[in-house]
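Spelled out, the chains give:
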Amino acid sequence: MHWSAGYVGRAYERQTFNCWTLIRDVYRDHLGVDLSDVQTSDNSATAREMLRHAKLWIEVETPQEFDVVLMRHRDHAVPTHVGIATGRGSVLHTEPVTDTVCVSLRDFSIRGRILGFRRHPCRS
């Protein structure tokens, strides 16, 4: 079973389990990387923190497993949401309307929202 299956269905909780918490948990559980220096409780703050830490994260054209997927919400032009590439052409992410799901990077629900991909330096 792929590592992402263990997260699918996990309930979104604004204060305790949001899109950044998902990234943080995956990096801790599967890469042994502590991302607890970015503490946020809403998606906009998460995106701002990711951008603030952008010097640490390497921009890449083609995502690999564990790369962060920067996304926007439907009515924003800037990143307000993040997911994590599974390495299978899909992204694992969590939102209030879906909870935690794994969808194709080409899925209609996210393909127009993707703004880029970032790789943590531990993976370079």
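Data block above holds the structure.
I will try to describe carefully the structure that is included in this document.

### Points about the overall build of the protein
When helices and strands are counted, the protein shows two helices and six strands. For the protein, the sequential pattern of α-helices and β-strands runs α-α-β-β-β-β-β-β. With 124 residues in all, the protein has 48% of them scored as buried. Put simply, of all contacts in the protein between residues at least 6 apart along the chain, 55% involve residues at least 24 apart. Summed over its atoms, the accessible surface of the protein is roughly 6,500 Å², and 49% of this surface lies on carbon and sulfur atoms.

### As for the packing of aromatic side chains
All chains considered together, the criterion is met by four aromatic pairs. Pairing Trp-3 with Phe-66 gives two aromatic rings, centres 4.8 Å apart and planes at 20 degrees, and the pair type is stacked. With Trp-3 in the segment before helix 1 (19-31) and Phe-66 in the loop between strand 1 (58-60) and strand 2 (68-71), the pair connects residues that are 63 residues apart, well separated along the chain. Like Phe-66, Trp-3 is buried. Ring geometry for Trp-20 versus Trp-57: centroids 6.3 Å apart, planes at 75 degrees, classification edge-to-face.

### Section: the pairing of strand 5 (residues 99-104)
In this structure, strand 4 (residues 90-95) lies alongside strand 5, joined through six bridges in antiparallel fashion. Across the sheet, the residue bridging to His-93 is Val-101, located in strand 5.

### Digging into the nonpolar core
In this structure, Ile-23, Val-26, Tyr-27 and Ile-84 are the most contacted members of the largest nonpolar core, which totals 18 residues. When contributions to this core are tallied by element, the ones reaching two or more residues are helix 1, strand 2 and strand 3 (81-85). It is helix 1 that provides the largest number of residues to this core, a total of six residues. When near neighbours in sequence (up to four residues on either side) are disregarded, Tyr-27 contacts Gly-32, Val-33, Leu-35, Trp-57, Phe-66, Asp-67, Ile-84, His-120, Cys-122 and Arg-123. Grouped together as the second largest cluster of nonpolar side chains are nine residues, Val-69, Val-91, Val-103 and Leu-105 included.

Each value, and the rule that gives it
- Residues numbered from 1 in each chain as written.
- Predicted model: local features only at pLDDT ≥ 70, side-chain atom pairs only at ≥ 80, totals over all residues.
- Heavy atoms only, no water.
- Helix = DSSP H or I, 4+ residues; strand = E, 2+ residues; numbered from the N terminus.
- Buried < 20%, exposed > 50% of the residue type's maximum accessible area, 1.4 Å probe, protein only.
- Contact = heavy atoms within 4.5 Å.
- Areas by Shrake-Rupley, 256 points an atom, 1.4 Å probe, with all protein chains shown as cover.
- Phe/Tyr/Trp six-rings, centres within 6.5 Å; stacked < 30°, edge-to-face > 60°.
- Pairing = 2+ DSSP bridges.
- Core = buried A, V, L, I, M, F, W, Y, C linked by side-chain atoms within 4.5 Å.

In short, the description is geometric, and any link to function would need to be established separately.
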